[in-house]
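# Understanding the architecture of this molecule
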Amino acid sequence: MRGRAKNCIRVARERVEKALQHSYRDRKEKKREMRGLWIQRINAGTRQHGMKYSDFVHGLSTQNVQLNRKVLSELAMHEPYSFKSLVEVAKKPNEIRHHSQL
């Protein structure tokens, strides 16, 4: 501790309580930031194959592929061929829907 917090118990207790409040808040914020990062990585991977993120997620849900965003992000980064096959799976219902609109 620095300043009066190293000598004064009341100031020290207030600093510890504030630190605990920040750590609680930041644990929630870290989850939010990680989800955003995973979505950005998935979006970058899907754009390489000519597809939007929202269409990709919708296609996976209609095909009943239940992979979370963390796993999809890891596949997009480290397993490009596996991710490409997932994009192909997700494209199937979107192609059918697109042709029916024409």
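Within any chain, residue numbers begin from 1 and follow the written order of that chain's sequence. Owing to the predicted nature of the model, reporting of local features is limited to residues with pLDDT of at least 70; listing and counting of side-chain atom pairs is limited to 80 or more, with chain, interface and lining totals taken over all residues. Based on all heavy atoms of the structure, the side-chain values leave hydrogens and waters out of the count.

Definition in use: UniProt positions are given in the numbering used here, feature names are shortened, and annotations may be inferred rather than shown by experiment.
For the chain, the name recorded in an unreviewed UniProt entry is 50S ribosomal protein L20, with Klebsormidium nitens as its organism. In its Function (unreviewed entry) section, UniProt records this for the chain: "Binds directly to 23S ribosomal RNA and is necessary for the in vitro assembly process of the 50S ribosomal subunit. It is not involved in the protein synthesizing functions of that subunit."

## Structural notes on the packing of helix 1 (residues 9–48) against helix 3 (residues 69–78)
Note the following rule: Axis lines are fitted through C-alpha atoms, for helices just across the contact stretch, and the angle between N-to-C directions can take any value from 0 to 180 degrees. Numbering of helices and strands runs from the N terminus; a helix is a DSSP stretch of H or I covering at least four residues, while a strand is a stretch of E covering at least two. Here the angle decides the label: under 35 degrees means roughly parallel, over 145 means roughly antiparallel, 65 to 115 means roughly perpendicular, and every other value means oblique. Should the near helix be turned anticlockwise from the far one by less than a right angle, the crossing is termed left-handed; should it be turned clockwise, right-handed. Note on contacts: a residue pair is in contact if any heavy atoms of the two residues lie within 4.5 Å.
Between helix 1 and helix 3, whose axes approach to 8 Å, the crossing angle comes to 40 degrees. Taken together, the axes of helix 1 and helix 3 lie oblique to each other. Handedness of the crossing formed by helix 1 with helix 3: left-handed. In this structure, helix 1 contributes Arg35, Trp38, Ile39, Arg41 and Ile42 to the contact, and helix 3 contributes Arg69, Lys70, Leu72, Ser73, Glu74, Ala76 and Met77.

## Comments concerning the nonpolar core
For clarity, the threshold we go by: Definition used in this section: a nonpolar core is a set of buried Ala, Val, Leu, Ile, Met, Phe, Trp, Tyr and Cys residues joined via side-chain atoms within 4.5 Å. The buried label goes to any residue with under 20% of its type's maximum accessible area, the exposed label to any with over 50%, and the partly exposed label to all in between, with areas taken from a 1.4 Å probe on protein chains only.
Counting 12 residues, the largest nonpolar core consists of Ile42, Met51, Tyr53, Phe56, Leu60, Leu72, Leu75, Ala76, Phe83, Leu86, Val87 and Ala90. Of all elements in the fold, only helix 2 (53–62), helix 3 and helix 4 (80–101) reach the threshold of two or more residues within this core. If one sorts the elements of this core by residue count, helix 4 sits on top with four residues. What leucine 72 contacts, discounting residues up to four positions off in sequence, is Ile42, Phe56, Leu60, Leu67, Phe83 and Leu86.

## Considering the packing of aromatic side chains
Put simply, the test is: Each Phe, Tyr or Trp ring (for Trp, its six-membered ring) is paired with any other whose centre lies within 6.5 Å, and the angle between the two planes then decides the class: stacked below 30 degrees, edge-to-face above 60, tilted in between.
Tallying each qualifying case throughout the model produces one aromatic pair. Ring centres of phenylalanine 56 and phenylalanine 83 lie 5.3 Å apart, and the angle between their planes is 45 degrees; this geometry places the pair in the tilted category. In this pair, phenylalanine 56 sits in helix 2 while phenylalanine 83 sits in helix 4, placing the two residues 27 residues apart along the sequence. Each member of the pair phenylalanine 56 and phenylalanine 83 is classed as buried.

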